[in-house]
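Structural overview for review
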Amino acid sequence: MGITIEIKDLSKNFGKKQALKHVDLQIEQGMFGLLGPNGAGKTTLMKVLTTLTKKSGGQVRLCGIPVEQCGQVRKMIGYLPQDFSMYGNMGAYEALDYLAVLSGIEKKKRAILVPQMLEKVNLNDQHKTKVKAMSGGMKRRLGIAQAIIHNPKIIVVDEPTAGLDPEERVRFRNLLCEIAKDRIVILSTHIVGDIEATCENIAVLNLGEILFRGTVSELLQAVRGKVYTLEVSTLELPMMQEKFLVTGILTNGSTANIKLIADQAPMREAKQAEPDVEDAYMYLMNHTSASKGRE
Amino acid sequence: MFGTLLIKECKQILKSMVYYIYVVVFVLFLSSQLGGDITENLQRPQPGQENYGMTNSQKESDIMGKMLAELVLETERNSYATYPMGFYKGVILNETELEKVKAIVEECTGKNWQQVTGEITEHFNSYDQSSMEGAMQAQVTFSVFPRDDLSYAEFCEHMEEICRLVGAGSSYQKEKWSQGVSVPGTYEQAVEEFEAICTKDRITGAIARLFCDYAGIVLAILPIFLGVTRCLRDKRAQVVQVVYAHKLSTAKIIGSRYLANVCMAFLPVIITLLIMQMPYQYHARTIGVAPDLLAFLKYSCIWLLPEIMVVLAAAFFLTELTENVISIFVQVFWAIASLFSSMTLKGSFGWNLIARWNTLGDTTAFWQQRQELLWNRGFYLILSLVMFVLTIVIYEKKRREGETIYGKIFKRRR
Ligand SMILES: Nc1ncnc2c1ncn2[C@@H]1O[C@H](COP(=O)(O)OP(=O)(O)OP(=O)(O)O)[C@@H](O)[C@H]1O
Ligand SMILES: [Mg+2]
């Protein structure tokens, strides 16, 4: 059985609130990006995959094993929660060692793996630093170490780059890409740049529904030829923002260079531009909410 | 894996402030209660001593004599001590009720009330009332003799009548005196009792029993805090999700936490008892008795361990169920209720959480009630295992569903 995740018709309700609505997804080996605004249901979807929440309907299989078999599933997943933390009075080494025990790793292996993992996440000179004294970034790195230490087939990381400085973010992305070589890494984020840099396959989630499923270039394809740049006076800006989907503004004295998405060229002087993922994402969000509005 | 986790949990406990408070409070409480030297009560009685302490008597004539004496004294003052809900309540009777009680006294003694009160004065005047010793001695030796042809059955009926007049929780309730009353011992009884301490308890057993009596009181409360702290630590440190997502089974996770807490809670208990026992081992040898060196182990394992286990199991269970500190309130109430519901401070174990034996010795009486204690402790041992299993069930349910049963009911309402 290959490394795949099959999600069919997955629903999750919290009381009356539907956090996931009939989600269908097939995830293959490699990095997989889950993109969506706040409250889209990313965390909920990840919790279903990691057995932390019971689904309300549908089927989920990880490497062929139904998610209901919690014990089996937990063995092959590593999970970094959105708000990862550890007991404050434990040092980095101690905390990782504790979690490695929870993963069922033998003592001899732990003695090798724990320092190795700390080195991998650049915490090797912080063995004794207490968790309560760690910065947000250090905690996240500890979190990724505990998610990969037992060499799981599937790694689920929930907004791993939130709150990291740019340098750390790049390191983190590279680390994830490196790990993803022979397994699935599912990464959620609302930072479009992360997805662009790392993921081949992505899904865009909003209000519990999948809006888009495919590769990054397919996403870009949807807006190709619809992105324009234009120079306008700053006085015209509010009007432009009202009329068009403006994704970038660069003011320069009394004029502004704006980037907008439109089905046809808005004015003669508008020049076509190369779209990036952010444009595509904005277009997708706007498009679907607009079409929703019409219904 | 279980062993490793157990050790890690123990280390965590050693790092927590709550644990040190636990140890300090425990040791302070015990040394305040058991600090003094009590070896003088463990000497072979000599003939011609002024008194030979008190002894428990189940002889019907003794019971009748002591109960009537108490009744006469309380009636004379018209002030009856009762403990309806475990708390003291003084009862004062009205004229007609008082007359009825006096009539019963007259019926039981065959004398009229004036004669009876005359005897009281006479008895107490014959002792030196100004010294503490004398007053005590007067109190314990005071007895009122029933008339010769009063049968025990009649006496019991009269006592029931008194209970109706005075109300619930008085000393005239049959449960309170049917186990025997305290009467001054004779030399022969004192020797017999001393022999029992030497042969059955081998000195250290009696000490261990007194220790368990005091320790049992604090151990009904202190371990609650350890349990609640452990269960809430995950939530406070936000590690609930991380722990849930790992592979180790719920039984092992909860099992290691519970066992670590039981061990760490028991450790200071057993060490304190061992240390407290030591001088008495020495004392036993000086009076020619081979002490029971393992008394501390036997008594604490049978008497205190089940209590620690059940208190911790209840704390684990309630805290995992509700995810708040409510278990502290529930369990402190439980402990206090148990403390006040015990009829006597000596034996009558029943199903009380806190088993009392607030006396040094009384070995024969203890060995008569030992079986009851064993049943009691066995019950709590089983109860703790049941609650432990329930904790696992609840944790597993939370782990699978991501929501608590309690949370489902209460958070939705908001
Ligand atoms: N335990 C819960 N009880 C009730 N509603 C919940 C619960 N957890 C999540 N929700 C709701 O489900 C929806 C999806 O939440 P989710 O946390 O999955 O979003 P998200 O995509 O992770 O958002 P964010 O980017 O802010 O992390 C939200 O509307 C949220 O209010
Ligand atoms: Mg989230």
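The structure contained in this document is the topic of the report that follows. Since the model is a prediction, treat every value here as computed from it, not as a measurement.

1. Focus on the environment of Thr186 of chain B
All names here are of chain B.
- Structurally, Thr186 is set in the loop between strand 4 (181-184) and helix 9 (187-201).
- A relative accessible area of 37% places Thr186 in the partly exposed class.
- Each C-alpha atom of the pair Thr186 and Gly53 lies 8.4 Å from the other, and the pair is 133 residues apart in sequence.

2. Some remarks on the pairing of strand 7 (residues 154-158) of chain A
Residues and elements named next belong to chain A.
- Counting buried positions over the five residues of strand 7 gives five, a clear majority of the element.
- Residue alternation in strand 7 divides its side chains into two sets, Ile154, Val156 and Asp158 and Ile155 and Val157, and both sets are buried.
- Here four bridges tie strand 6 (residues 77-80) to strand 7, and the two strands are oriented parallel to one another. Following the sheet pairing, Leu80 is matched in strand 7 by Val157.
- By the bridge criterion, five bridges tie strand 7 to strand 8 (residues 184-189) in an arrangement that is parallel. Bridge assignment links Asp158 to a residue of strand 8, and that residue is Ser188.
- Crossover connection from strand 7 via helix 6 (residues 166-179) to parallel strand 8: handedness right-handed.

3. Quick word on the pattern of salt bridges
Residue and element names in this part refer to chain B.
- Summed over the entire model, instances satisfying the criterion amount to 31 salt bridges over all chains.
- Residue Lys398 pairs with Glu320 through a salt bridge whose shortest N-O separation is 2.8 Å. Taken together, the residues span a long stretch of sequence, with Lys398 in helix 16 (residues 363-401) and Glu320 in helix 14 (residues 295-322) at a distance of 78 residues. For the residue pair Lys398 and Glu320, the accessibility class agrees, reading buried in each case.
- Here Lys398 and Glu323 are joined by a salt bridge, their closest N and O atoms 2.6 Å apart. Of the two residues, Lys398 sits in helix 16 while Glu323 sits in the loop between helix 14 and helix 15 (326-341), which places them 75 residues apart along the sequence.
- You can call Lys398 buried: its relative accessible area is 4%.
- On the accessibility criterion, Glu323 (21% relative accessible area) is partly exposed.
- What emerges from the salt-bridge pattern is a single network uniting Glu9, Arg230, Asp234 and Arg257.

4. Section: empty space enclosed by the protein
Residue and element names in this part refer to chain B.
- Counted according to the given criterion, the structure contains one cavity of 30 Å³ or more.
- Put simply, the largest cavity is a space of about 50 Å³.
- Taken together, Ile13, Ser16, Leu226, Thr229, Arg230, Arg233 and Asn261 form the lining of the largest cavity.
- Looking at which element gives the most residues to the lining of the largest cavity, the answer is helix 11 (residues 222-236), with four residues.
- Looking at the lining of the largest cavity residue by residue, the class counts come to two nonpolar, three polar and two charged.

5. Regarding the interface of chain B and chain A
- Facing the 28 residues of chain B at the interface are 33 residues of chain A.
- Regarding the contact of chain B and chain A, the summed buried area is about 2900 Å², with carbon and sulfur atoms giving 56% of it.
- Broken down residue by residue, the surface that chain B buries against chain A is led by His246, Lys247 and Arg400 of chain B, which jointly contribute 22%.
- Taken together, the links from chain B to chain A amount to three salt bridges.
- Between Glu94 of chain A and Lys15 of chain B there is a salt bridge, with its nearest N and O atoms 2.9 Å apart.
- Those elements that provide at least two residues to the side of chain B that touches chain A are helix 1 (2-14), helix 11, helix 12 (240-245), helix 13 (250-286) and helix 16 of chain B.
- Partitioned by chemical class, the residues of the side of chain B that touches chain A number ten nonpolar, six polar and twelve charged.

6. Brief notes about the site of ligand 1
All names here are of chain A.
- With respect to spatial proximity, 14 residues lie near ligand 1, and among them Lys17, Gly39, Lys42, Thr43 and Thr44 are the closest.
- Note that an oxygen atom of ligand 1 is positioned 2.8 Å from one of the backbone N or O atoms of Gly39.
- In the model, an oxygen atom of ligand 1 is placed 2.5 Å from a nitrogen or oxygen of the Thr44 side chain.
- Across the complex, the protein chains shield 65% of the 630 Å² of accessible surface that ligand 1 would expose by itself.
- Counting residues per element, the ones that place at least two in the shell around ligand 1 are strand 2 (17-27) and helix 1 (42-49).
- For the shell around ligand 1, the element with the most residues is helix 1, which contributes three residues.
- For the shell around ligand 1, a count of residues per class yields four nonpolar, seven polar and three charged.

How each quantity is defined
- Residues numbered from 1 in each chain as written.
- Chains lettered and ligands numbered in written order.
- Predicted model: local features only at pLDDT ≥ 70, side-chain atom pairs only at ≥ 80, totals over all residues.
- Heavy atoms only, no water.
- Helix = DSSP H or I, 4+ residues; strand = E, 2+ residues; numbered from the N terminus.
- Buried < 20%, exposed > 50% of the residue type's maximum accessible area, 1.4 Å probe, protein only.
- Pairing = 2+ DSSP bridges.
- Right-handed = clockwise from strand over helix to strand, strands pointing away.
- Salt bridge = Lys/Arg side-chain N within 4 Å of Asp/Glu carboxyl O.
- 1 Å grid on protein atoms, 1.4 Å probe; cavity = no way out; pocket = protein on both sides within 12 Å on 5 of 7 lines; lining within 4 Å.
- Points joined across faces, edges and corners; volume = space filled by probe spheres on them.
- Nonpolar A, V, L, I, M, F, W, Y, C, P; charged D, E, K, R; others polar.
- Contact = heavy atoms within 4.5 Å.
- Buried area = accessible area lost by both parts, 1.4 Å probe.
- Near = heavy atom within 4 Å.
- Polar contact = N/O pair within 3.5 Å; in protein donor to acceptor, adjacent residues only side chain to side chain.
- Areas by Shrake-Rupley, 256 points an atom, 1.4 Å probe, with all protein chains shown as cover.

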